[in-house]
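Letter by letter, the chains look like this.
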Amino acid sequence: DVYVEEENISANTVVSENTLAVNEDLTDINAEDGTEEPFTGASGKSDDLYWNITADGHLTITGEGNYGVTYGQYPAWDAYGEYVLTAEVNVENITRTDFMFWRCPNLKSVDLSGLDTSRVTTMTHMFYTCSSLENLDLSHFDTRCVTDMSYMFGGCSSLQTLVVKGDNFSTSKVDDMAAMFSGCSS
């Protein structure tokens, strides 16, 4: 279902899950001898933005500006996508969110309330293959500048609820929506 949140609808109408209790241990396969080792986390900087993945699978992306992405290359945290269980983004002055959660198949919840999308022009593959994501709240997204939403939710096979807000989630400038909901079987 896709829900459009109106200004006067009560807060309990919006489905948003911003926390997840992690019960399973995250492990990393040692490339040299094939043994499993506990995932201890990862962090770095990708162009203007800082990112951190904790040992319990929480990805945080912060800063002002853009992360490095070109076709065939993805954000630096992509290499650890399988360990991401929850995420929080606090970024301003970003112009592209393509491939942001690319290959995060275990992502269960994401808090995007700190993501300023008012200057974003492309959101292609933003949640591509987030097959564990069931609910997504994009009610604060401003998409009036976006021209590409292709594959934005492609492969989100568990996605059941998508919350957007009226005129803020505009598609008036979008010229590519190819496979935007491809594989959204739920």
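What counts and what doesn't
- Within any chain, residue numbers begin from 1 and follow the written order of that chain's sequence.
- Reporting of local features is limited, given that this is a predicted model, to residues whose pLDDT is at least 70; pairs of side-chain atoms are given and counted only at 80 or more, and all residues count toward the totals for whole chains, interfaces and linings.
- To get the side-chain values, all heavy atoms of the structure are used, and hydrogens and water are removed first.
- Numbering of helices and strands starts at the N terminus; helices are DSSP runs of H or I of at least 4 residues and strands are runs of E of at least 2.
- Buried, partly exposed and exposed residues are distinguished by accessible area as a fraction of the type maximum, computed with a 1.4 Å probe on protein chains only: under 20%, between the cut-offs, and over 50%, respectively.
- Contacts between residues were defined by any pair of non-hydrogen atoms, one from each residue, lying within 4.5 Å.
- Note on areas: these come from Shrake-Rupley sampling with a 1.4 Å probe, and a residue is covered only by the protein chains present in the view.
- Strand pairing follows a simple DSSP-based rule, namely that at least 2 bridges must link the two strands.
- Axis lines are fitted through C-alpha atoms, for helices just across the contact stretch, and the angle between N-to-C directions can take any value from 0 to 180 degrees.
- Each Phe, Tyr or Trp ring (for Trp, its six-membered ring) is paired with any other whose centre lies within 6.5 Å, and the angle between the two planes then decides the class: stacked below 30 degrees, edge-to-face above 60, tilted in between.

*Asks:* Describe the overall build of the protein chain, naming the residues involved and giving the relevant values.
*Replies:* Secondary structure summary: the protein chain contains zero helices and ten strands in total. Within the protein chain, buried positions represent 41% of all 186 residues. Contacts in the protein chain between residues far apart in sequence, at least 24 positions, make up 68% of those at least 6 positions apart. As displayed, the protein chain offers around 9300 Å² of accessible surface, 43% of which is attributable to carbon and sulfur atoms.

*Asks:* I'd love a proper account of the sheet that holds strand 5 (residues 49-53), names of residues and values included.
*Replies:* In space, the five strands of this open sheet follow the order 4-5-6-7-8, with mixed pairing throughout. What marks the edges here is a single partner per strand, and that holds for strand 4 (42-46) and strand 8 (109-115). This sheet shows a mean twist of 10° between the axes of neighbouring strands, independent of strand direction. Sheet analysis places strand 4 next to strand 5, joined by five bridges and oriented antiparallel.

*Asks:* Describe in detail the environment of Ile 94, supporting the description with residues and values.
*Replies:* Note that Ile 94 resides in the loop between strand 7 (86-92) and strand 8. Those residues in contact with Ile 94 that sit more than four places away from it in its chain are Leu 49, Gly 65, Asn 66, Tyr 67, Met 100, Leu 115, Asp 116, Arg 119 and Val 120.

*Asks:* Quick rundown of the pairing of strand 8? Include the residues and the values.
*Replies:* The side chains of a regular strand alternate, residue by residue, between the two faces of the sheet. Of all seven residues in strand 8, five are buried, a share of seventy percent or more. As paired strands, strand 7 and strand 8 are joined by five bridges and run parallel to one another. Following the sheet pairing, Glu 88 is matched in strand 8 by Asp 111.

*Asks:* Please give an account of the pairing of strand 6 (residues 58-64) that cites residues and values.
*Replies:* Two elements, strand 5 and strand 6, share five bridges in a ladder whose sense is antiparallel. Residue Trp 51 lies in a different strand from strand 6, and its bridge partner there is Ile 61. Linkage of strand 5 to strand 6, two consecutive antiparallel strands, is achieved through a turn of four residues, within which Gly 57 is found at a positive phi near 90°.

*Asks:* Any details on the packing of aromatic side chains? Residues and values, ideally.
*Replies:* Counted by the stated rule, this structure contains 13 aromatic pairs. Ring geometry for Phe 127 against Phe 153: centres 5.7 Å apart, planes inclined by 0°, an arrangement best described as stacked. Of this pair, Phe 127 sits in the loop between strand 8 and strand 9 (135-137) while Phe 153 sits in the loop between strand 9 and strand 10 (161-164), and the two are 26 residues apart along the sequence. When sorted by exposure, Phe 127 lands in the same class as Phe 153, which is buried. Of the aromatic side chains, those joined through ring pairs into one cluster are Phe 39, Trp 51, Tyr 67, Trp 77, Tyr 80 and Tyr 83.

*Asks:* Can you lay out unusual backbone geometry for me, pointing to particular residues and giving the numbers?
*Replies:* We note that Asp 47 has phi near 55°; this positive angle belongs to a residue other than glycine. On the secondary structure map, Asp 47 appears in the loop between strand 4 and strand 5. Looking at Asp 47, the relative accessible area reads 52%, which means it is exposed. For His 125, which is not glycine, the phi torsion reads 55° and is therefore positive. For His 125, the location among the structural elements is in the loop between strand 8 and strand 9.

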